[in-house]
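Below are the chains, spelled out letter by letter.
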Amino acid sequence: MVSAPPKLLTIGGSDSGGAAGIQADLRTFAALGAYGMSALTVVTAQNSVAVSAVHKLPAAFLAAQLQAVLGDYGAAGIKTGFVGHVDLLETIAARLDEYRSAVLVVDPVLVDHQGRAMFAAAVAEAYRALLLPRARLITPNRREAEVLTRRPVPALGEARVAARELVALGAGAALIKGIPDGADLVDLLWDGEQVRTYRAPRRETTNTHGAGDTYAAAILAYLAAGATLPTAVARAHKFVQAAIQRGANWRLGQGHGPVAQWEGGLE
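Summarised in this report is the structure supplied together with it. (Residues numbered from 1 in each chain as written. Predicted model: local features only at pLDDT ≥ 70, side-chain atom pairs only at ≥ 80, totals over all residues. Heavy atoms only, no water.)

### Comments concerning the pattern of salt bridges
Going through the model one piece at a time under the given rule, you end up with 15 salt bridges. The partner of Lys 56 in a salt bridge is Asp 87, with the nearest N and O atoms 3.1 Å apart. Residue Lys 56 is found in strand S3 (residues 51–56), and its partner Asp 87 is found in helix H3 (residues 86–96); the two are separated by 31 residues along the sequence. Look at Asp 87 and you get partly exposed, because its relative accessible area is 30%. The partner of Arg 116 in a salt bridge is Asp 112, and the shortest N-O contact between them spans 2.9 Å. You can call Arg 116 partly exposed: its relative accessible area is 49%. Each member of the salt-bridge network shares a partner with another, and the members are Asp 25, Lys 79 and Asp 213. (Salt bridge = Lys/Arg side-chain N within 4 Å of Asp/Glu carboxyl O. Helix = DSSP H or I, 4+ residues; strand = E, 2+ residues; numbered from the N terminus. Buried < 20%, exposed > 50% of the residue type's maximum accessible area, 1.4 Å probe, protein only.)

Okay, here's the thing in structure tokens:
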């Protein structure tokens, strides 16, 4: 008999353009052999050029989705993506307390593509108070790390300090992504014992929409399959770099295109 795949839940926003959010997560889970489930926080009207509308779902409806999925399937791992509202973060935290056996990866969507904070300070505070203490790993980019730690993170030295602070706030580990270092971008992992770095050259492409979602989802998939955290991050880093490379020359829309989480195509 074929063994059942790991069951993974993504909690986040729906991207109508298909590049990011739960759509990117579910493609990543499928590409890595996991069974993907979802609970929506917001629904967006967006494409490769712009987000034209965002509809927040009520906290009670998010709670109903979580109860429906977790009460039946359960989950080996859970990832949070776009949340953006304190009441939704409170709802997620309350439900997570009933499923402590699930590995939690928190991808804190806090800034726009230009690195500007998108939400009031209360949202970052809710992340610090509610999700960090429950997370096996938090995966902010350097601008999101700045919002969470209230300190600048321009380079690797400051990223080491910020990662340690995020772990001191309760996260099991912190991965700060996209730190500029010469011709490369570096991701820095602090697991409470050791600093590890994952390096890749800057790529000449605008098709990186969904890369952060893909990265965090891949880490969760590898963790759920039994990999150690450093191994899961290393494999996910390789996976997302390959996804960026495969989609680098696509022209699916008029703007910021997606990464390609899969190999091959239709027969």
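### Examining the pairing of strand S8 (residues 184–190)
Residues in a regular strand point their side chains to alternate faces of the sheet. Counted residue by residue, S8 has 6 buried out of 7 residues, so it is predominantly covered. Alignment of strand S7 (residues 174–181) against S8, held across 6 bridges, turns out to be antiparallel. Directly across from Ile 176, in S8, lies its bridge partner Leu 188. Hairpin connection, S7 to S8: the antiparallel pair is bridged by 2 residues, and Gly 182 has positive phi, about 65°. Note that S8 and strand S9 (residues 195–201) share 7 bridges and pair antiparallel. Pairing of Asp 184 across the sheet is with Pro 201, part of S9. Linkage of S8 to S9, two consecutive antiparallel strands, is achieved through a turn of 4 residues, within which Gly 192 is found at a positive phi near 95°. (Pairing = 2+ DSSP bridges.)

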